[in-house]
Amino acid sequence: MNKLIKVAIHERKVTFLLAIMIFLYGIYAYYYIPKQENPDTSSPSAQIITVYPGATANEVEEQVTQKIEDELATLDGVENITSYSNPNVSVVILTLNYDVNYDEQWAKMRVLLDALKNDLPSNVQDYQIETELTTSAGIILSLSGEDYSYEQLGAYAETYKKRLEDIEGVKRIVIDGIPKKNLEIKVDLKKLESLPLSLKDIFDLVSAQSVSIPAGAIQTNYGKIGVKNPSDINSITKTENMIIYGSEESGALLKLKDIADVSFEYDRQQHSYKQGEKNSVLLTVYFSDNQNVVLIGNDIRDEINLLNDKMPSALKVNEVLFQPEEVSRSIEGFIINLLQGMIFVIIVVLIGMGIRNAMVVSIAIPLSITMTIIAMKLIGLDIQQMSIAALIIALGMLVDNSIVISDSIQIKINEGIEIKKACYEGTVEQSIPVLTSTLTTVVAFAPLIVLPGEAGEFAKSLPQVVIIALIASYIVAMFVTPALASIFFKNTHKENAPKNRLRHFFESGLKGSLKMPKMSLFFILVILMGSVYAASFLSIELFPYADKDIVYIDVFSEKDGDIEYTEKLAKELRELLKEEDAIVDISSSIGGGFPKFYLTVGVRPPSDNYSQLLLKVDLSKSKEFDSRETYAYYLQRLVDEKLIGGTATVNLLEINQPGPAVDIRISGEEREDVKRVSDQLYNVILSHNQTINVQNDSAAYEYQYLIDQDSIKASSLGLTNYDIQLQTSLALNGMKAATLENGGKTYDVIIRGEIDKLDDLMNLQIKSSTTGGKYLLKQFATVSLDKELSSIKRLNRNSSVSVSANVMPGYSANDLQKWIENSVLLGIDQEGVSISFGGDQEIFDKYISGLLGAAAIAVIIIYIILLIQFNSMMQPFIILATVPLSIIGSIFALLIFNQNVTFTVGLGVASLIGVVVNNAILLIEYINRERRLDRSVYEACVNSVERRFRPIMLSTITTVIGLVPMALSGSSFFSPMAMALMGGLTISTLLTLIVIPLIYYQSHKREI
């Protein structure tokens, strides 16, 4: 590499040209590099929804859910399997760990499920499989207006969809909220009684008439011409006039319309949306991968504005979500922080080094950043909040290497060495220490790339970008800095120059410590122990809420199976919230959740007792609340007091997967044991004065009519179980018999009987498939009320219930969980169940253990690097003594500025390991050099502080100053990290200048 350094200096014109080309290409790359709000995370989860019409929750569990679970358990990398068995539907959620190939496992899963179909009941519908549960919508538009029907809104939505689909970067567009229309054949069962037909016969006749079998082709002189035999069901008129029976005696023909009402009807359990109080249809836009969503958003907004001008004025298009605007605002904020940091760093370098040297050193910042952006584009890293935060963290470090190299060059020039030779010798002299310090910092960040779980995937780009930036800064320092120095540097040596006061202060402090080394080290140890004690006063909030003015509310009605009641409940909640000044917009989803509108918000499957409200808030319009957290807590208390007939949970957007602060999972083979324990826990936690949103998802029993048939009597009448169950299901639920295509649209043809009361069911005639006889249901069966579970939850193939709670502001979730573990559970009989804890503590244990593991790996590798460089077993330990010194500063910085311990704080503290040792490396390297010149241990230690004071202080101050804009940004996620880094670096540097020479002196003072 020495030859390359010499070439870079002597052929400096080529070096400058290459640097300019890299800088310009970096600017170009920044414009086109994909930009997102958050890092892309692969989906480790799949959701399988299976509809089993007419089945109870128990039947769904035994005949569908358990069989699906057993097949999924054979896949590789299964982390957990959660299932919900509800009447008519099974929902199974499979979560994989991050160690397997998802696409491979999803393909294997589909093969297994296809093979399973033959073992499921015959009337089970096809699976609905979703493997992109983390794919967030880019844009959600709401189309609404006075007096518009859902169908009219859907037609307008189709117009928007066709135009927007042509925009480059749009992956797909989904229209939600258009009610599904079916052709319903409602058979009058009383009229059917007089005919030798059953509902099954009507079903078979309609199915037969809808069949379209390819007829083949006829050979002609012009070649083969196909023969088409279309379905006879292609209009409502033809369906009504279909012949279903002919009298042998009179020859009279009976048409379907004579015994049934045939009409188009909307689906009874329709998922719908409201914008305010108006009907609305959603248009959801998903972006292609690796795209600059800001540019795509500009194109989409331009197209929407053109379309709006052509639409009726009564049609309103609202932006429920417009991610490109959020991305642009977020990136602009970070870029401003980055530019402010650059300016601060340059000012510090100017003050510390003079204009010529500062100009050379400062070039490292834009050049290293543009090199980093080029590398990011080449390896597929996006510009998003984590990668820009990484650039801000690295900002001050980018000049560290150049400061050390330029300082070494300046010393050589001041010694009278010819300038090019001084540039070469100064760079070569410091190349190994600079390489070592760069490697130690890289090593500190590298283990963070493989942190576990979703948060590890989310944060992975931060260490990646820092590592790239550090490598870029090393390249700039080794080649560009000496080339520039050969032009701009000059001899600045001054005789009798006044000594820097701050440097003199540290020299005096070091000399005083060296007189009492043991007492000084004991004092440092006391400070360290005091900081450890002070850490117990820190509040932990690993994943704070996202900095977004959005609140969403999950609403559950008390009446299962009644979507009209659910809609009424949602309307009452909207009326309640209209009185709130801070709420500027309300969108509602009835019968299910909104499309995935944020990275960490899960998608709710359709449910007739569930609705979701999405609120846009502006706290500046209300003077009562200073944060989104306090406002959300206020709203929760409000809905708890005012909402009757259901429950509602107020949620803020979270950076990590959302969930309760404390989550207790009770599992066991016997459902009664699980319910007993969960009910006891729920009642105790509910009475605690620090809890809010206490929930027990143990399913309640609901009444159902049980048909108890006399199998012997039924068999004597020639009736099979198939006859009874199929015809009963047809009468009550209806079934799809055919598909009608009309006007370019497709409609399901549904056949059902008209049964309004229990007497109608008892008088239902069941036809034997063997004898053709028809018999009333009450002739061979009785009907009674019976209790059935409304829903059955299972975790890892065992019955499971969760009891969860959040804590009121100002209280600790950790304290609540300790109280439950150490007091509550001791008074509960836990026989037959197993209990595990989720929530904040599980997340804390998972990620802190990952961070500690990463830190341990970093320390080991750094020790090996230092061992190789210094060829000493002891000196690496002396250098690593700076690590606990950084923790002192981080703890006190968080306490002084009242900041929580977040996941990013953990990242920052773990990464400090590699940053703070750099100062110690410079000191030890200079002490060793002085010792080789036969200086005494005392002289070497004192001289190291005198000669390395400027590069050490400049490196630290530039890094700290570069973090100031992030610290002042008010970000709940990044400000605590910036403050922890600033505090850790500052205190560590100040103490390092005393402690490292002190430890070296104490361990080597007996040497000559």
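Basis of the calculations
Residues numbered from 1 in each chain as written. Predicted model: local features only at pLDDT ≥ 70, side-chain atom pairs only at ≥ 80, totals over all residues. Heavy atoms only, no water. Helix = DSSP H or I, 4+ residues; strand = E, 2+ residues; numbered from the N terminus. Buried < 20%, exposed > 50% of the residue type's maximum accessible area, 1.4 Å probe, protein only. Contact = heavy atoms within 4.5 Å. Areas by Shrake-Rupley, 256 points an atom, 1.4 Å probe, with all protein chains shown as cover. Lys, Arg positive; Asp, Glu negative; His and termini not counted. Charge placed at Lys NZ, Arg CZ, Asp CG, Glu CD. Pairing = 2+ DSSP bridges. Axes fitted to C-alpha atoms, helices over the stretch in contact; angles between N-to-C directions. Patch = residues over 30% accessible without salt bridge, like charges linked within 9 Å, V, L, I, M, F, W, Y side chains within 5 Å. Salt bridge = Lys/Arg side-chain N within 4 Å of Asp/Glu carboxyl O. Core = buried A, V, L, I, M, F, W, Y, C linked by side-chain atoms within 4.5 Å. Phe/Tyr/Trp six-rings, centres within 6.5 Å; stacked < 30°, edge-to-face > 60°. Lys NZ or Arg CZ within 6 Å of the ring centre and 35° of its normal. Left-handed = near helix turned anticlockwise from the far one by under 90°. Nonpolar A, V, L, I, M, F, W, Y, C, P; charged D, E, K, R; others polar. Expected span 1.5 Å × (residues − 1). Bend = angle between axes of the 7 residues up to and from the residue.

Brief notes about the overall build of the chain
Stage number 1. On a plain count of helices and strands, the chain comes out with 32 helices and 30 strands.
Stage number 2. When the 1008 residues of the chain are sorted by exposure, 53% land in the buried category.
Stage number 3. Considering only intrachain contacts with a sequence separation of at least 6, the fraction spanning at least 24 residues in the chain is 80%.
Stage number 4. In the structure as shown, the chain presents an accessible area of about 45,800 Å², 54% of it carried by carbon and sulfur atoms.
Stage number 5. One finds the centroid of the 87 positive side-chain charges in the chain at a distance of 10 Å from the centroid of its 116 negative side-chain charges.

Considering the sheet that holds strand 7 (residues 181-187)
Strands belonging to one sheet form pairs held by backbone hydrogen bonds; the direction of such a pair is parallel or antiparallel.
Stage number 1. Spatial strand order, 12-7-24-23: four strands in an open sheet with mixed pairing. Both outer strands of the open sheet, strand 12 (260-266) and strand 23 (735-742), are each paired with one neighbouring strand and no more. Averaged over neighbouring strand pairs, the angle between their axes works out to 25 degrees when direction is ignored.
Stage number 2. Summarising the sheet, strand 7 and strand 24 (residues 745-753) pair through five bridges and their orientation is parallel.

Considering a nonpolar patch on the surface
Stage number 1. Judged by side-chain polarity, I343, F344, I347, L350, I351 and I355 come together as a nonpolar surface patch covering roughly 600 Å² of accessible area.
Stage number 2. With five residues, the single largest contributor to the nonpolar patch is helix 10 (residues 323-353).
Stage number 3. Take I351: it is sitting in helix 10.
Stage number 4. The exposure class of I351 is exposed, given its relative accessible area of 69%.

A look at the nonpolar core
Stage number 1. Residues L283, I300, F445, F597 and F903 are the most contacted members of the largest nonpolar core, which totals 185 residues.
Stage number 2. Looking at this core, the element that brings in the most residues is helix 17 (residues 461-488), giving 16 residues.
Stage number 3. L283 has contacts with I139, I140, L141, L143, A157, Y160, K161, L164, I173, V174 and I175, leaving out every residue within four places of it along the chain.
Stage number 4. Core analysis: the second largest hydrophobic core is formed by 39 residues, V187, L199, L254 and A737 among them.

A look at the pattern of salt bridges
Stage number 1. Counting across every chain of the model gives 32 salt bridges.
Stage number 2. Taking the shortest distance from any N to any O, the salt bridge between K568 and E572 comes out at 2.8 Å. Residue K568 and its partner E572 are both found in helix 20 (residues 563-577); the two are separated by four residues, about one turn of the helix.
Stage number 3. Of the residues examined, K568 reaches a relative accessible area of 45% and is grouped as partly exposed.
Stage number 4. Linking K757 and D760 is a salt bridge whose minimum nitrogen-to-oxygen distance equals 3.6 Å.
Stage number 5. What makes K757 exposed here is its relative accessible area of 51%.

Remarks on the packing of aromatic side chains
In this description, an aromatic ring pair is defined by two values, namely the gap between the centres and the angle between the planes.
Stage number 1. What the rule picks out here adds up to 14 aromatic pairs.
Stage number 2. With 5.5 Å between their ring centres and 80 degrees between their planes, Y552 and F597 make a pair best called edge-to-face. In this pair, Y552 is assigned in strand 16 (residues 550-557) and F597 in the loop between strand 17 (583-590) and strand 18 (610-617), connecting sequence segments 45 residues apart.
Stage number 3. Sitting over the ring of Y424, K6 keeps its end group 4.8 Å from the ring centre.
Stage number 4. The ring of Y286 has R172 lying over it, and the distance from NZ or CZ to the ring centre is 4.1 Å.

Digging into unusual backbone geometry
Backbone geometry follows two general trends: most residues other than glycine have a negative phi, and most peptide bonds adopt the trans configuration.
Stage number 1. Despite not being glycine, R797 has its phi angle at roughly 70 degrees, a positive value.
Stage number 2. Mapped onto the secondary structure, R797 falls in the loop between strand 28 (792-795) and strand 29 (798-807).
Stage number 3. The backbone phi angle of N898 is positive, close to 55 degrees, even though this residue is not glycine.
Stage number 4. With respect to the secondary-structure elements, N898 resides in the loop between helix 29 (882-896) and helix 30 (903-932).
Stage number 5. Exposure remark for N898: the relative accessible area of 67% places this residue in the exposed category.

Examining the packing of helix 1 (residues 2-10) against helix 15 (residues 419-445)
Stage number 1. Where helix 1 contacts helix 15, the axes come no closer than 10 Å and their chain directions differ by 150 degrees. In this structure, helix 1 meets helix 15 at a crossing whose hand is right-handed. Counted together, N2, I5, K6, I9 and H10 of helix 1 and K420, C423, Y424, T427 and V428 of helix 15 form the full contact between these two elements.
Stage number 2. Its residues assigned to classes, the contact of helix 1 with helix 15 shows five nonpolar, three polar and two charged.

Digging into the environment of K787
Stage number 1. Tracing the backbone through its elements, the reader meets K787 in strand 27 (residues 781-789).
Stage number 2. Between the C-alpha atoms of K787 and Y703, which are 84 residues apart in sequence, the distance is 4.6 Å.
Stage number 3. In contact with K787, not counting residues within four places along its chain, are Y701, E702 and Y703.

Some points on the environment of I994
Stage number 1. On the secondary structure map, I994 appears in helix 32 (residues 975-1004).
Stage number 2. Between the C-alpha atoms of I994 and M397, which are 597 residues apart in sequence, the distance is 22 Å.
Stage number 3. Those residues within four positions of I994 in sequence are excluded, and the remaining contacts are F506, G509, L510 and S513.

With respect to helix 30
Residues lying three or four places apart along an α-helix face the same way, a consequence of the helix completing one turn every 3.6 residues.
Stage number 1. Spanning 30 residues, helix 30 covers 45 Å between terminal C-alpha atoms, matching the ideal 44 Å at 1.5 Å per step.
Stage number 2. By the largest-angle criterion, L912 marks the main kink of helix 30, which is about 35 degrees.
Stage number 3. Extensive coverage of helix 30 is indicated by the burial of 28 of its 30 residues.
Stage number 4. Directly after helix 30, the chain includes D934, whose backbone phi takes a positive value near 70 degrees.

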